Amino acid sequence: VLDTGDYAGGAKALQDYLAQYPTSPRAPEANYWLGRTLALQNLHADAAAAYARSLKGWPQTTWAGDAVVRLSASLVELKRPDDACRALVEFDQRYAAKAAAAVKIRAKDARARASCG
């Protein structure tokens, strides 16, 4: 979906999946991808909510650190820099050590955009 650019269609498919299988073991990852598709449509409030749902229980998955950083970026877009900075503190504590270089770069950018101390 991200490759084809059909973000609205992808979001709809993910929302349908989550409505049908809300307790699926794949629901957290589906919420992560839902957040990605919503953020690409500049629907940052909905994206932030999807990212937050994906992170319940602080999963230790390959995408979790990226979800925290993307959550913080959506919070910056929503003019919630304090919340964005708190998310980035969680990223540093829980995920930064194992995060890919690209995720660390996005975290640094989000930290600068939120003016974290």
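Residues numbered from 1 in each chain as written. Predicted model: local features only at pLDDT ≥ 70, side-chain atom pairs only at ≥ 80, totals over all residues. Heavy atoms only, no water.

Right, let's get into the environment of Ala101. Note on placement: Ala101 falls in helix α6 (residues 101-113). Residue Ala101 is classed as exposed on the basis of its relative accessible area, which comes to 56%. (Helix = DSSP H or I, 4+ residues; strand = E, 2+ residues; numbered from the N terminus. Buried < 20%, exposed > 50% of the residue type's maximum accessible area, 1.4 Å probe, protein only.)

Attention shifts here to the packing of aromatic side chains. With the rule as written, the count across this model stands at five aromatic pairs. Relative to Tyr21, the ring of Tyr17 lies with its centre 5.2 Å away and its plane at 45 degrees, an arrangement referred to as tilted. The class of Tyr17 is partly exposed, set by a relative accessible area of 28%. Look at Tyr32 and Tyr51: their rings are 6.4 Å apart centre to centre, the planes differ by 50 degrees, and that puts the pair in the tilted class. Pair noted here: Tyr32 is in helix α2 (residues 27-40) and Tyr51 is in helix α3 (residues 44-54), with a separation of 19 residues, a long-range link. Exposure class is identical for Tyr32 and Tyr51. Each is buried. Of the aromatic side chains, those joined through ring pairs into one cluster are Tyr32, Trp33, Tyr51 and Trp63. (Phe/Tyr/Trp six-rings, centres within 6.5 Å; stacked < 30°, edge-to-face > 60°.)

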